[in-house]
Amino acid sequence: LPAIPPALLAGRREVGSLGTWSLSSAKPGNGVLAMRDDSPDTYWQSDGAQPHLINVQWGRRTAVSELAFYLDYGLDESYTPRRLSVRVGMTFHDLVEIQVVDLHEPTGWIIISLRQP
């Protein structure tokens with residue numbers, strides 16, 4: 001997986017490692033660990049009906065200002081997401097959609113800002 005360019009990391013702290021990750025479904029060997037490692041040869045592959053979900057929970061209230069995804073349409077084609085929906089809440093039961101991002105054949109790091117204007 002190509003490293004996040006240093007310019008994108010400037011002034012930012014990665015908090016994903018502090019969370020507990022879960023997926024709506026995954027094929028064996030293609031779950032959270034494959035999605036979060038640094039290898040371009042491993043990735044999450046869902047194994048169930050849509051929508052496909054990535055959930056992250058933190059043990060205490062955590063401010064998240066941006067999300068970063070590495071996507072490669074050239075390698076993944078039909079498996080590459082066309083739409084990302086960002087939902088936030090205190091539990092799985094009170095999630096509210098705060099942003100939708102439509103993608104067209106994305107390649108590279110996709111950064112989604114969650115900052116309020």
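Owing to the predicted nature of the structure, the values given are computational and were not obtained by experimental measurement.

Calculation criteria
Residues numbered from 1 in each chain as written. Predicted model: local features only at pLDDT ≥ 70, side-chain atom pairs only at ≥ 80, totals over all residues. Heavy atoms only, no water. Helix = DSSP H or I, 4+ residues; strand = E, 2+ residues; numbered from the N terminus. Rg over C-alpha atoms; globule rule 2.2 N^0.38 Å. Buried < 20%, exposed > 50% of the residue type's maximum accessible area, 1.4 Å probe, protein only. Contact = heavy atoms within 4.5 Å. Lys, Arg positive; Asp, Glu negative; His and termini not counted. Charge placed at Lys NZ, Arg CZ, Asp CG, Glu CD. Phe/Tyr/Trp six-rings, centres within 6.5 Å; stacked < 30°, edge-to-face > 60°. Core = buried A, V, L, I, M, F, W, Y, C linked by side-chain atoms within 4.5 Å. Patch = residues over 30% accessible without salt bridge, like charges linked within 9 Å, V, L, I, M, F, W, Y side chains within 5 Å. Areas by Shrake-Rupley, 256 points an atom, 1.4 Å probe, with all protein chains shown as cover. Salt bridge = Lys/Arg side-chain N within 4 Å of Asp/Glu carboxyl O.

### Here's the deal with the overall build of the protein chain
And then number 1: Within the protein chain one finds three helices and six strands.
And then number 2: Across the protein chain, helices and strands are ordered from the amino to the carboxyl terminus as α-β-α-β-β-α-β-β-β.
And then number 3: Against the globule reference of 13 Å for 117 residues, the protein chain gives a C-alpha radius of gyration of 14 Å, in line with a compact fold.
And then number 4: Projected onto the principal axes, the alpha-carbon positions of the protein chain cover approximately 35 × 35 × 25 Å.
And then number 5: Put simply, the protein chain has 117 residues, and 20% of those count as buried.
And then number 6: Taking as baseline every contact in the protein chain between residues at least 6 positions apart, the subset at least 24 positions apart corresponds to 51%.
And then number 7: Of the side-chain charges in the protein chain, 10 are positive and 13 negative, and the distance between the mean point of each set is 10 Å.

### Some thoughts on the packing of aromatic side chains
And then number 1: Tallying each qualifying case throughout the model produces one aromatic pair.
And then number 2: Relative to Trp-109, the ring of Tyr-70 has its centre 5.5 Å away and its plane inclined at 65 degrees; by these criteria the two rings are edge-to-face. Of this pair, Tyr-70 sits in strand 3 (residues 66–72) while Trp-109 sits in strand 6 (residues 107–113); the two residues are 39 residues apart in sequence, bridging distant segments of the chain.
And then number 3: Under the relative-accessibility criterion, Trp-109 is labelled partly exposed at 23%.

### Examining the environment of Ala-63
And then number 1: With respect to the helices, strands and loops of the structure, Ala-63 is situated in the loop between strand 2 (54–57) and strand 3.
And then number 2: On the accessibility criterion, Ala-63 (76% relative accessible area) is exposed.
And then number 3: In the structure, Ala-63 is positioned 18 residues away from Pro-81 in sequence and 25 Å away in space, judged by C-alpha atoms.

### Comments concerning the nonpolar core
And then number 1: Counting residues in each nonpolar core, the largest one holds eight residues, listed as Leu-71, Leu-84, Val-86, Val-101, Leu-103, Ile-110, Ile-112 and Leu-114.
And then number 2: At the level of secondary structure, the elements contributing two or more residues to this core comprise strand 4 (83–88) and strand 6.
And then number 3: In this structure, Val-101 is in contact with Arg-82, Arg-83, Leu-84 and Ile-112, ignoring residues within four places of it in sequence.

### Quick look at a nonpolar patch on the surface
And then number 1: Residues Val-88, Val-96 and Ile-98 make up a contiguous nonpolar surface patch of about 230 Å² in total accessible area.
And then number 2: Considering the arrangement of structural elements, one finds Val-88 in strand 4.
And then number 3: Classification of Val-88 as partly exposed rests on a relative accessible area of 38%.

### Re unusual backbone geometry
And then number 1: Residue Gln-50 is joined to Pro-51 through a cis peptide bond whose omega torsion reads 5 degrees.
And then number 2: Inspection of the secondary structure assignment puts Pro-51 in the loop between helix 2 (32–36) and strand 2.
And then number 3: Phi is positive for Glu-105, close to 45 degrees, though the residue is something other than glycine.
And then number 4: Using a relative accessible area of 45% as the deciding quantity, one classes Glu-105 as partly exposed.

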